[in-house]
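Architecture and fold: a report
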Amino acid sequence: MSNSKVRPKDQGAGEVSTETCRELRMAALQAQTRRHFLRTLGGGLGTIFVGTSLAQYATPGKDSTHSESSALDFTRDPSSPLSELPPQFAAKVRRVIYLHMAGAPSQLELFEHKPDLRRLDGQDCPASFLAGKRFAFISGVPKLLGSQYPFHQVGQSGHWISDRLPHLEQHLDDICFIKSMRTDQFNHAPAQLLVHTGNARLGYASFGSWVLYGLGTENQNLPGFIVLLSGGKSPDGGKQLWSSGFLPSVYQGVQCRSHGEPVLYLDNPPETSRSLRRDMLGAIDQINRQTYAAFGNPETITRIAQYEMAFRMQMDATDAMDIHKEPDSVRAMYGSKPGESSFANNCLVARRLAERGVRFIQLYHWGWDSHGADAKEALNLGFADRCREVDQPTAALLADLKERGMLEDTLIVWGGEFGRTPMRENRNGQEMKYVGRDHNPGAFTIWLAGGGVKAGITHGQTDEMGYEIVKDPVEIRDLHATMLYLLGFDHHKLNYSFQGLEQKLTSVKPARVVAEILA
Amino acid sequence: MLDAPSPSRRQRSVVVLVAVVLIGTAMGAWFARKMSHAPISFSSDIQPILNQNCVQCHGGVRQKNGVSFIFREEALGTGKSGRRTIVPGHPDESELIRRVTSSDPDARMPYHSPPLTAQQIKLLRQWIQEGAKWEDHWAFVAPKPQPLPAVKRSDWVRQPLDRFILARLEKERLAPSPEADKSELLRRASFDLTGLPPTLEEQASFLADSSPNAYEKQVDRMLASPRYGERWAALWLDLARYADTKGYEADRERPGVWPYRDWVIQAFNRNVAYDKFVITQIAGDLLPGATFEDQIATSFHRQTPNNDEGGTDDEEFRLIAAMDRSATTWSVLNGLTINCVQCHSHPYDPIRHVEYYKSLAFFNTSRDADLPEDTPVLRVPKDKKRYEEAWSLQQEIAKLSDATVNLGRQLESQAKWMPWPISTASANEALALEWEAANSERELAVLDKDKLSPKEKKDQRKYLLSTITEDRKRSRSQVANASIPFQVQDGEMRAAANTPGKSVYELVATADVQTITALRIEVLPTSGEAARHNPEDGFIVDQVEAWAIQPNGHPDKIRFRYFVPDSEDDLRSAIARAIRFGSRSGLAGGFAANPNLFRTHWTIGLPDNPLKLTPGSRIKVRLTQTQNVNDKPAHVRRARLSASSDSCWSELIRDQEYRSNLMRLSTLTQQLKKIPSVETPVMAEQPDYEKRETMEFERGNFLTKIGPALTPDVPGLLPRLPANAPRNRWTLAKWFFSPEQPLTARTAVNRYWEQLFGTGIVETLENFGSMGERPSHPELLDWLALHFENDLHWDMKALLRELVTSATYRQSAKSTPTLTERDPRNRLLARGPQQRLSAEMVRDQALIASGLLSDTMGGPPVMPPQPEGVWNSVYNDSKWVDAKGPNRYRRAIYTYIKRTSGYPSFLIFDASDHDVSLARRIPTNTPLQALVTMNDPVYQEASEALADRMLKAADKTDDRLRYGARMVLSRNPTDYEQAKLRELFEKALVELGAGMVKRAAYGKATSGNQQRAMTAVASVLFNLDAALTR
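Residues numbered from 1 in each chain as written. Chains lettered and ligands numbered in written order. Predicted model: local features only at pLDDT ≥ 70, side-chain atom pairs only at ≥ 80, totals over all residues. Heavy atoms only, no water.

1. A short note on the overall build of chain A
In terms of regular secondary structure, chain A is built from eleven helices and 19 strands. Put simply, chain A has 519 residues, and 67% of those count as buried. Residue pairs at least 24 apart in sequence account for 77% of intrachain contacts in chain A once pairs closer than 6 positions are excluded. (Helix = DSSP H or I, 4+ residues; strand = E, 2+ residues; numbered from the N terminus. Buried < 20%, exposed > 50% of the residue type's maximum accessible area, 1.4 Å probe, protein only. Contact = heavy atoms within 4.5 Å.)

Below, the structure written as structure tokens:
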């Protein structure tokens, strides 16, 4: 893994020097002999800090017997709980950009070409579609609904795509579709929780938190797991989607904002100039050192380091989020306009964060819940706006990363929390004002692009109606296992002791790495 | 190594093994045994080997090849290989030994993993040789009385507990630290007991008091302070997953939960004994002579999230809440983790799958059902003085409702019924829309009765008007006017698949009875008895009407005097409707199963006079249905009719008491409504006629249930419930406090210990099972548990008093390099505890030091400043509005808790997000915390206010700085600190002289650069390590 992408740090910005702090820490370590016992951040198991010798565990290509037998240790020096740890085996990617389309976009209007469904448009849905099924809203006998938009084939891969994503379609040869995603949740909040935490209930750790816990992050001056929202609302699952759950809160996602401070509490109060702040930090630092000398509590050293890092984060996070610094041409490519909370701006920021060594970047775009109850979300109206909002920026992000040579070690995932029915929604048994579809947990499409993933292929298949999977079903936990594999982990090994269990993202049901999509 | 290596820790490197120094309890004991050839202990020698190496494949979840090591009888059984896994007394005949020693890599266990060490194999052999005795995990065996250990330095001891700590230190050849100086000790105790630093007066009085019990006097003062309850409530509200919103997508407000929060604070302040404190919260509704406050306390288990998202299955989320209650009860009271047993037997502890559901059964018969209105609720007056009044009204309403419903049910079951087979049935949409339009007009007419804001009223009016227009428009259409014919099966109506969302069902039956006194309409689950366990979507009938059709076709409308309700829900709706639209409307005969249908529901119409029918007449019944349940039309899917000629119904019509009860219910309901109140969700049992049964869910899936109905019970590894007690929550709650219960007292004392010393005696507060940590001082844990239970009778303040007045607690936190090396995590307590302040304490310290803190207690939650745009939840209009005035500066415990969007600065300081019960906050130390205390406007305001106080307190800069330090650090600054603060103040003055900054948030009168420079100093004080710790 190369380290070249870390931006050089702004040195000498504060009186609080990294160097002296490190010395202090080393002195403390020496005073405690070579063995140094620390609080695990985890299940409360006293264990051992082995310093930097962890590198030896990055064992690319180690045989599977070894990786099965060796349990991993995620203990860190508590003064840098986000410090990088090597993956279990050679990773294909070093970061993830996850584009979550909250509300569940219709696969039948985007990627699932179903001519038979269009032929049967307007006919009563067969009884076999309804028997034993649980729906959010459909009741009685709904009508079948063909795609609202025309489809065509593009590129070498010959992927089918509708006319709604004219920019993205130029990149389909870089994309791997999974058209056989399946979930067991048909309501937004639980389904989003399942996608993000591996569990439909509250209280579990999000994917990004797991990755941060397992790998840490390159750049200690920025949060390692950053969340950006667009579409005007938080996703239905709320902040739990980037919660650290039972993992220590240091691993929770940090929501960054395009209005006001990019990170909460990042800016100095208006009455505190940066030079005054530097003086203040100097005083804090000096007094805290005296406290350490008097009490000898290692947490004091940690605190000294955190204040120093906070000072650097103020600058680095502000800089990372500032898309004014991009040339006009790049901003035009994304369709970004500084100052808006737009998906375009967030995609551009995502690239800047990726460049700066942020491990997990999660974008949410809201408004995909096309029931047909409202013009803003209807397939024939608002849905087209959503497509416009994400099409160009998504394409630009792929192109931009590729051009910078970063696509090969970045994993991009695009998708919602479930699919939509081939039946037109008939809430209360009546035809709706606008065109929409109900939730379909039985089949949906996501796509991946980037390192380690076969480009230009489709995995899995649904029936002629796009209703049920007929080939190669992929569970959410399989997707998680696959993503972890690309990041260098056997999903069984990335675990954490809590409530008497070795908790893991993929939970207890069997999960498999979808080997068919691996490059 | 001072911590016993946990069996769960997967050692991944040689480094770890080399570094292990075996002075931990378990391993120490192991060494001792090894030296003396003492018999092997299953719990400390064998189970860790099995848990670490075998149980993942051969345990509660997976039992590969039929082999499991959870229960002894399983381990002694025969695996798929046909050989016995363990043959007691004969290691060489045991497949286990053959497998762990095999040289064939495909046969050798652990499979494709490093082999067991020679030492481990030797232990296994010796254990089998000695009979393979199984032992219960330590925590499942009741605590044993422990003699107080003899110690050399008995003069050091202040409390019996000190002997246990000191004995261990002496064994380790460590000396305890000297007592902390007075300032350090007072700060520590003050935060621990009240959550606040000592005030200047409190500091001065303690420093000036040279009496031998000066410290004890302070402790008593703090325990008596109302601040004590506010501090300890924070801990309990984490466990109770207390929040002001319901969670999940909509995350709407629960405006009536705060009376429960106030109950907790008051219970701590009144020093309710721990057993009573817990029993009231688990089963306050079932206590004989339960008080109003006992009912409020049961809101503990109504703090579970509710899912109001459109299209969710209420039964699914009702069950999730019930499972949460069961899991939370076990984890809070016993440190047992049973959630994982939902899908399979416990992977490590001997708890079987079915036992999970037996334990769930205690919580599966409560009346809540994930309804948006959060029923059942208690109306709690905003003014405490009216509690008595509100309670007596609610009690009487409950009594009268019971009597009314029970009388009806009794008559219904005694009366003779003649079935009236339905001959034709159909549904019509137009009629339903007409009814809805008319009903909306009635609603419009009484809109002014509702307590709504002008905006809400306007919106409601708009909504009603558009409903009327839309309904009338559609009802005139051809589609709506066409009646949909229904199937009739065995004289019962079966709805068609294409039944309109709003329908009037018309049922026609041939009436061959001549005189009838009652007409019964039953709505049945389509799946019959199966619905008892897999309920169907519910139904709502708004109105029931009937006609007698003469043989000549002439319809005579039947006038009903009463509709006899079959449930309290139906009765309550009828009364509410009568109040709203006049008494006749209450008799519209609506009935419902909301949200789910799992039994037959009925309503009985009683005609004004016995109905005499001409032979050849028919009966026509219309059921109007316009509403939704679970976001789907509230269809009637199966119904039947019957008639009774019994005279009991005519008597009921003449029964003055029945009539006056109904009138009285209406009056009482109206009186109750007039008392300004909030609605607090509480626990209440289902009436007997509705009681759910619990079955096992196959692999945890609530849609597939298997086996017989289960009797509520506790897991078999624990003591039995009393033989003749009813199997309900009250019995369960009392059982936790029975003398033989091994875990309740241990879990409780461990929690207090952790709060004061930073780490529990059992570090994993949430898990006392075999995968949890072992106690650092097992004898002390048992001693404390029995002491708390038998000597202190669960008196929480008395226990805390003993803990904080112990010599152990009173030690200085200063460490030495030797001590840090020997015991970096201070598990042996050769020095005093030093902890970071909790999220609440960080805020409250800043407010009290700056003089901003409001001392108002209780009441609705408040919204201190929070950055804009933090709340933007979907489908939810609620807004965060920064409080003005004193509510801006209330203690942290009163801050509004929104589940999907917690108060940011608290979350950054590791507060719970209150989604699930949290047993232990894990403190972290991050740059984001530094940003909060440096930049959050709350701390900026506090810094400015503190600066004002410092400037007013004295004339000389040095005195001002000293004052500030005493406020924030609870002590005088050191000379070095004083010098550094002074240096900063002077630098800041110079900087500010440049005139580049303006003053913002707090403070009206700016006193210039002095003030601003002092604000910088105050801010630095709040950010010192010494300020963030106690």
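2. Re the packing of helix 17 (residues 387-414) of chain B against helix 22 (residues 647-654) of chain B
All names here are of chain B. Their axes nearest at 10 Å, the elements helix 17 and helix 22 cross at an angle of 160°. The pairing of helix 17 with helix 22 is recorded here as roughly antiparallel in orientation. In this structure, the crossing between helix 17 and helix 22 has a hand that is right-handed. Here helix 17 contributes L407, G408, L411 and E412 to the contact with helix 22, which in turn contributes C648, W649 and L652. Of the residues belonging to the contact of helix 17 with helix 22, the class tally is five nonpolar, one polar and one charged. (Axes fitted to C-alpha atoms, helices over the stretch in contact; angles between N-to-C directions. Parallel < 35°, antiparallel > 145°, perpendicular 65-115°, else oblique. Left-handed = near helix turned anticlockwise from the far one by under 90°. Nonpolar A, V, L, I, M, F, W, Y, C, P; charged D, E, K, R; others polar.)

3. So, the confidence of the model for chain A
Residue and element names in this part refer to chain A. For chain A, the mean per-residue pLDDT works out to 85, and 86% of the residues sit at or above 70. In this model residues 1-17 is a low-confidence stretch, pLDDT under 50, and it forms 32 contacts with partners more than four residues away in sequence or in other chains. Residue range residues 29-69 is modelled with pLDDT below 50. Its contacts to residues more than four positions away, or to other chains, number 91 contacts. (pLDDT = per-residue confidence, 0-100.)

4. Here's the deal with helix 6 (residues 274-295) of chain A
One turn of an α-helix holds 3.6 residues; hence residues three or four places apart share an orientation. For helix 6 of chain A, built from 22 residues, the straight-helix expectation of 32 Å at 1.5 Å per residue is met to within 8% by its first-to-last C-alpha distance of 31 Å. G296 of chain A sits one or two residues past helix 6 of chain A and shows a positive phi near 65°. (Expected span 1.5 Å × (residues − 1).)

5. A word on the side chain of D478 of chain A
Within the fold, D478 of chain A resides in helix 11 (residues 476-486). Apart from residues no more than four positions distant in its own chain, D478 of chain A is found in contact with P473, P510, A511, R512 and V514 of chain A.

6. Examining the interface of chain A and chain B
Each partner contributes to the interface: chain A provides 115 residues, whereas chain B provides 125 residues. Between chain A and chain B the total buried area reaches about 10400 Å² when both faces are included, carbon and sulfur atoms providing 57% of it. It is Y265, E271 and F295 of chain A in chain A that bury the most area against chain B; as a group they hold 8% of the surface buried on that side. Across the chain A-chain B interface, the total number found is four salt bridges. Between R134 of chain A and D313 of chain B there is a salt bridge, with the nearest N and O atoms lying 2.8 Å from each other. For the pair chain A and chain B, the number of links is 31 residue pairs in polar contact (both at pLDDT 80 or more). Within the residue set of the side of chain A that touches chain B, elements represented by two or more residues are strand 1 (37-38), strand 2 (47-48), helix 2 (64-69), helix 4 (188-197), helix 6, helix 7 (298-321), strand 18 (495-498) and strand 19 (501-504) of chain A. When residues of the side of chain A that touches chain B are assigned to their parent elements, the largest contribution, 15 residues, is made by helix 6 of chain A. A per-class count over the side of chain A that touches chain B returns 51 nonpolar, 46 polar and 18 charged. (Buried area = accessible area lost by both parts, 1.4 Å probe. Salt bridge = Lys/Arg side-chain N within 4 Å of Asp/Glu carboxyl O. Polar contact = N/O pair within 3.5 Å; in protein donor to acceptor, adjacent residues only side chain to side chain.)

7. Some remarks on the side chain of S617 of chain B
Structurally, S617 of chain B can be placed in the loop between strand 16 (611-612) and strand 17 (618-625). Polar contacts involving the side chain of S617 of chain B include one to the main-chain carbonyl oxygen of T614 of chain B, which spans 2.6 Å.

8. Section: the pairing of strand 10 (residues 536-541) of chain B
Residue and element names in this part refer to chain B. Strand 10 sits mainly inside the fold: five of its six residues count as buried. In the sheet, strand 10 pairs with strand 14 (residues 591-597) via five bridges, with the strands oriented antiparallel. Opposite V541, over in strand 14, you have F591 as the bridge partner. (Pairing = 2+ DSSP bridges.)

9. Focus: the packing of aromatic side chains
Taken as a whole, this structure holds 61 aromatic pairs over all chains when the rule is applied. Ring centres 5.0 Å apart and planes at 65° place the aromatic pair W735 of chain B and F736 of chain B in the edge-to-face group. For F736 of chain B, a relative accessible area of 1% gives the class buried. Ring centres 5.4 Å apart and planes at 80° place the aromatic pair W871 of chain B and W880 of chain B in the edge-to-face group. For the residue pair W871 of chain B and W880 of chain B, the accessibility class agrees, reading buried in each case. A network of ring pairs unites the aromatic residues Y228, W232, W236, W263, F268, Y274, F277, F300, F737, Y752, F788 and W794 of chain B as a single cluster. Across the ring face of F137 of chain A, the terminal group of R427 of chain A is positioned such that the distance to the ring centre comes to 3.8 Å. The ring of W417 of chain B carries R520 of chain B above its face, with NZ or CZ at 4.4 Å from the centroid. (Phe/Tyr/Trp six-rings, centres within 6.5 Å; stacked < 30°, edge-to-face > 60°. Lys NZ or Arg CZ within 6 Å of the ring centre and 35° of its normal.)

10. Points about the environment of L505 of chain A
Relative to the helices and strands, L505 of chain A is located in the segment after strand 19. For L505 of chain A, the residues in contact, after removing those within four places along its chain, are T197, G198, A205, F207, W210, H480 and L484 of chain A.

11. Regarding unusual backbone geometry
Across the junction of M109 of chain B and P110 of chain B, the peptide omega takes the value -10°, indicating a cis bond. Relative to the helices and strands, P110 of chain B is located in the loop between helix 5 (95-101) and helix 6 (118-129). The omega torsion of the bond from T375 of chain B to P376 of chain B falls at 0°, within 30 degrees of zero and hence cis. Topologically, P376 of chain B is positioned in the loop between helix 16 (353-360) and strand 1 (377-381). We note that S507 of chain A has phi near 60°; this positive angle belongs to a residue other than glycine. Residue position: S507 of chain A is located in the segment after strand 19. At N630 of chain B, a position not held by glycine, the phi torsion is positive, near 50°.

12. Overview of the confidence of the model for chain B
All names here are of chain B. Summing up the model confidence of chain B, the mean pLDDT is 90 and the portion of residues at 70 or higher is 94%. Note on residues 1-35: pLDDT under 50 across the span, and 78 contacts to partners over four residues away in sequence or across chains. Of the two predicted TM-score estimates for the complex, the pTM is 0.87 and the ipTM is 0.87.

13. Describing the sheet that holds strand 17 of chain B
All names here are of chain B. The strand order across the open sheet built from six strands is 4-3-7-17-11-12, with neighbouring strands paired in antiparallel fashion. Both edges of this open sheet fall to strand 4 (484-485) and strand 12 (555-557), since each of them pairs with a single strand only. By the bridge criterion, seven bridges tie strand 11 (residues 543-549) to strand 17 in an arrangement that is antiparallel. Paired with V544 across the two strands is L623, which belongs to strand 17.

14. Examining the packing of helix 15 (residues 314-334) of chain B against helix 16 of chain B
Residues and elements named next belong to chain B. It is at 9 Å that the axes of helix 15 and helix 16 come closest, and there the two elements cross at 100°. It follows that helix 15 is roughly perpendicular to helix 16 by the angle criterion. Counted together, A322, M323, S326 and W330 of helix 15 and Y356, S359 and L360 of helix 16 form the full contact between these two elements. Broken down by class, the residue content of the contact of helix 15 with helix 16 amounts to five nonpolar, two polar and no charged.

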